[in-house]
Amino acid sequence: KETRHCSVGSAIEFAVVVLKVECIVVIGHSRCGGIRELLSLKDEGPNAYHFIEDWVKIGMEAKKKVQRENRLLPFDDQCTVLEKEAVNISLRNLKSYPFVKDRLNKGTLNLIGARYDFVHGSFETWNA
Ligand SMILES: *[C@@H]1O[C@H](CO)[C@@H](O)[C@H](O)[C@H]1NC(C)=O
């Protein structure tokens, strides 16, 4: 989602337009507290946090998809899938910036998704 007074958006614009970075890697990780919170969030009724809740809700769409497609998986495994799906949401949001779209079309920018698993010591990557 594009928000005009967003520090993240200006950092990305600076990196892409001024510094001309050639690659952006969005990295998720194992045992993510934000992802656990998102997956534990009640759909209705009061939740414990406000700022955290607004932030993790960016991944709400990913949560719904993961729950729909992985209903039979244990909670921890659903977290693992959601850690990757949330990266995919970030990659999709990145692509909504016009200057990112422009560089992708020109082939001067690469978007990579990744997940670092510090429990098993693995690092998985995929192209956006
Ligand atoms: C994330 O995106 C990749 C590449 O499009 C896709 O293969 C993968 O299934 C998506 N979701 C997850 C949970 O990895």
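Details of the structure are given in the entry above.
Computed from a prediction, not measured in an experiment: that's the story for all the values here. (Residues numbered from 1 in each chain as written. Predicted model: local features only at pLDDT ≥ 70, side-chain atom pairs only at ≥ 80, totals over all residues. Heavy atoms only, no water.)

Moving on: the pattern of salt bridges. For the structure shown, the criterion picks out 9 salt bridges. Among the ionic pairs, R115 bridges to D117, the shortest N-O distance being 3.3 Å. Judged on exposure class, the residue R115 and its partner D117 are both buried. Through salt bridges with shared partners, one network takes in K65, E69 and E85. (Salt bridge = Lys/Arg side-chain N within 4 Å of Asp/Glu carboxyl O. Buried < 20%, exposed > 50% of the residue type's maximum accessible area, 1.4 Å probe, protein only.)

With that out of the way, let us pick up the site of the ligand. Neighbouring the ligand are the residues V81, K84, E85, N88, W126 and N127. At a separation of 2.4 Å, an oxygen atom of the ligand approaches a polar side-chain atom of N88. About the coverage of the ligand: the protein hides 50% of its 360 Å² of free accessible area. Those elements that place two or more of their residues in the shell around the ligand are helix 5 (75-95) and strand 3 (122-127). Considering every element that reaches the shell around the ligand, the biggest residue donor is helix 5, with 4 residues. Its residues assigned to classes, the shell around the ligand comprises 2 nonpolar, 2 polar and 2 charged. (Near = heavy atom within 4 Å. Polar contact = N/O pair within 3.5 Å; in protein donor to acceptor, adjacent residues only side chain to side chain. Areas by Shrake-Rupley, 256 points an atom, 1.4 Å probe, with all protein chains shown as cover. Helix = DSSP H or I, 4+ residues; strand = E, 2+ residues; numbered from the N terminus. Nonpolar A, V, L, I, M, F, W, Y, C, P; charged D, E, K, R; others polar.)

Before going further, it helps to examine the pairing of strand 3. Two strands pair when backbone bridges link them, and strand 2 (residues 110-117) and strand 3 are joined in this way by 6 bridges, in the antiparallel orientation. Pairing of D117 across the sheet is with S122, part of strand 3. With antiparallel pairing between neighbouring strands as the criterion, strand 2 and strand 3 make up a hairpin whose turn holds 4 residues, including G121 at a positive phi of roughly 70°. (Pairing = 2+ DSSP bridges.)

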